[in-house]
Amino acid sequence: MVLHYGLEIFEGMKAYRLPDGGAALFRPDANAHRFHNSAARLAMATLPQDVFVESVRELVRIERDWIPSSSDGASLYLRPFTIGTEIALSTKPSIEYTYCVIASPVASYFKGGAAAVTLWVSENFTRAAPGGTGAVKCGGNYAASLAAQAEGIQEGCDQVVFLDAVERRWIEELGGMNIFFVFDDGSFQTPPLSGIILPGITRDSLITLARDLGYTVREEPYSIGQWQSDAQSARLRETFACGPAAVVTPIGKVKGRRHSFTVGNGSAGPVTERLKVALTDIQFGCAPDPHGWLDRLF
Ligand SMILES: Cc1ncc(COP(=O)(O)O)c(C=O)c1O
């Protein structure tokens, strides 16, 4: 069933080495909750959320020597997934499943500080539509994004930003990251959780941290036209994407068939950097954890 009908869901999370040699997960209950929603959306069997969290914890405890100790942002990436394993050709929910967790040490995405990336505005392809599967983490979403990503790379860009499928003007997210805009009045904006974009755990954490730091954060739609005019008038100061790979990735340039503009001076901005440090300091146990996000394993 996984091979023919794409009955597959997954999660992505990390175990972090702490300064005293211990290790922690970051908000694994949030991944468990999203995994549950992904299974339900694909009419797959749901795994009890405590089994999900305990399975990830157990793998990290067993493979503790694989958690990098270096201080440059390396960590142990964890990939829980479920596939439909019933042998059948009819299009229907699977009656058999396999759930696994695999892991791999990963280096810091950007060595020596984050370099700003260039985005390609996808006008030929959309990623998700109302009523579809955009808000869950299933393999099909990523398969559907790859032609757009290939187009972006051919155009000399690093990543693709998707617009909404109906009006083709509202910013949604990147192929594997959510997006934030930082304005000259110190406020933030990020597209709302409309059921189409993935409810990122990094996104949610950054909204909380930004508010803790005194910034105003709006979860409101933002159009590609407004993005271009705000960047050109310098009302918009910074744009960044967020997800587990790079945590926070500054966006320097935006290109498309009808768009071409630079955000700020085209490199990482100070607010982006401040938020990145605030989040990674908590994840690596280098700052207090006021929201109780760290799940210490040993
Ligand atoms: C499409 C998409 N959006 C956003 C994210 C960021 O999600 P999170 O911060 O929960 O890892 C991901 C990451 O896996 C993703 O694949």
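Definitions and cut-offs
Residues numbered from 1 in each chain as written. Predicted model: local features only at pLDDT ≥ 70, side-chain atom pairs only at ≥ 80, totals over all residues. Helix = DSSP H or I, 4+ residues; strand = E, 2+ residues; numbered from the N terminus. Rg over C-alpha atoms; globule rule 2.2 N^0.38 Å. Buried ≥ 20, exposed ≤ 12 C-beta atoms within 10 Å, placed from the backbone. Contact = placed C-beta atoms within 7 Å. Near = placed C-beta within 6 Å. Nonpolar A, V, L, I, M, F, W, Y, C, P; charged D, E, K, R; others polar. Axes fitted to C-alpha atoms, helices over the stretch in contact; angles between N-to-C directions. Parallel < 35°, antiparallel > 145°, perpendicular 65-115°, else oblique. Core = buried A, V, L, I, M, F, W, Y, C linked by C-beta atoms within 7 Å. Domains from an automatic or database assignment. Expected span 1.5 Å × (residues − 1). Arc of directions from axis to C-beta. Pairing = 2+ DSSP bridges. Right-handed = clockwise from strand over helix to strand, strands pointing away.

Peer 1: I'd like a rundown of the overall build of the protein chain, residues and numbers included.
Peer 2: Along its length, the protein chain carries seven helices and 15 strands. For 298 residues, the compact-globule estimate of 2.2 N^0.38 gives 19 Å, and the protein chain sits close to it at 19 Å. The 298 residues of the protein chain split such that 43% are buried. Sequence separation of 24 or more characterises 70% of the internal contacts of the protein chain that already satisfy a separation of 6 or more.

Peer 1: Run through the site of the ligand, naming residues and quoting values.
Peer 2: The immediate surroundings of the ligand are formed by Gly12, Glu173, Gly176, Met177, Asn178, Leu198, Gly200, Ile201, Thr202, Arg203, Gly243 and Pro244. Among the elements that line the shell around the ligand, the one with the most residues is helix H5 (residues 201-212), at three residues. Tallied by class, residues from the shell around the ligand come to four nonpolar, six polar and two charged.

Peer 1: Any details on unusual backbone geometry? Residues and values, ideally.
Peer 2: Positive phi, close to 50 degrees, is recorded for Arg27, a residue that is not glycine. Note on placement: Arg27 falls in the loop between strand E3 (23-26) and helix H2 (28-41). Owing to 19 C-beta atoms within 10 Å, Arg27 belongs among the partly exposed residues under this scheme. Positive phi values are uncommon outside glycine, yet Arg168 reaches one of about 55 degrees. Locating Arg168 in the fold gives a position in the loop between strand E7 (159-163) and strand E8 (171-174).

Peer 1: Which residues make up the packing of H5 against helix H7 (residues 270-283), and what values go with them?
Peer 2: In the contact formed by H5 and H7, the axes pass within 10 Å of each other and the chain directions differ by 110 degrees. With respect to their mutual orientation, H5 and H7 come out roughly perpendicular. When H5 is examined against H7, the residues Ser205, Leu206, Leu209 and Ala210 are found in contact with a partner set consisting of Leu275, Ala278 and Leu279. For the contact of H5 with H7, the per-class residue count stands at six nonpolar, one polar and no charged.

Peer 1: Which residues make up the nonpolar core, and what values go with them?
Peer 2: Judged by nonpolar contacts, the single largest core of 69 residues is most densely connected at Ile9, Ala15, Leu119, Val161, Phe180 and Cys242. When residues of this core are sorted by domain, at least three fall in each of domain 1 (2-108) and domain 2 (117-283). Look past the residues within four positions of Val161 in its chain and what remains in contact with it is Leu119, Val121, Ser122, Ile171, Leu174 and Ile179.

Peer 1: Any chance you could break down H7 for me, citing the residues and the numbers?
Peer 2: Taking 1.5 Å per residue, 14 residues should reach 20 Å; H7 reaches 20 Å between its end C-alpha atoms and fits that length. The set of residues buried in H7 consists of Val271, Thr272, Leu275, Lys276, Leu279, Ile282 and Gln283. For H7, the arc enclosing every buried residue in end-on projection is 135 degrees, short of the 170-degree limit, so these residues lie on one face. Immediately beyond the C-terminal end of H7, within one or two residues, lies Gly285, with a positive phi of roughly 70 degrees.

Peer 1: So what's going on with the pairing of E7? Which residues, and what values?
Peer 2: Judged by how many residues are buried, E7 sits mostly within the fold: five of five residues are covered. The alternating pattern of E7 places Gln159, Val161 and Leu163 on one face and Val160 and Phe162 on the opposite face, and all of these are buried. With four bridges joining them, strand E6 (residues 117-122) and E7 adopt parallel strand pairing. By the bridge assignment for E7, Leu119 is matched with Gln159. In this region the chain leaves E6, passes through helix H4 (residues 139-154) and returns to the parallel neighbour E7; the handedness of that crossover is right-handed. Pairing of E7 with E8, which is carried by two bridges, proceeds in the antiparallel orientation.

Peer 1: Pulling in residues and values, what's your account of helix H3 (residues 49-62)?
Peer 2: Taking 1.5 Å per residue as the helical rise, H3 with its 14 residues ought to reach 20 Å, and the 20 Å between its terminal C-alpha atoms agrees with that figure. In this structure, the buried side of H3 is in contact with strand E2 (13-17), E3, H2, strand E4 (75-84) and strand E5 (97-106).

Peer 1: Lay out the domain arrangement of the protein chain with the relevant residues and their values.
Peer 2: As assigned here, the protein chain comprises domain 1 (2-108) and domain 2 (117-283). If you average the C-alpha positions of domain 1 and of domain 2, the two centres end up 24 Å apart. Of the residues lining the interface, 19 residues belong to domain 1; the matching set on domain 2 comes to 11 residues. Going through the elements one at a time, strand E1 (8-10), E2 and H2 are the ones with two or more residues in the side of domain 1 that touches domain 2. With six residues, the single largest contributor to the side of domain 1 that touches domain 2 is H2. Class assignment of the residues belonging to the side of domain 1 that touches domain 2 gives a composition of seven nonpolar, six polar and six charged.

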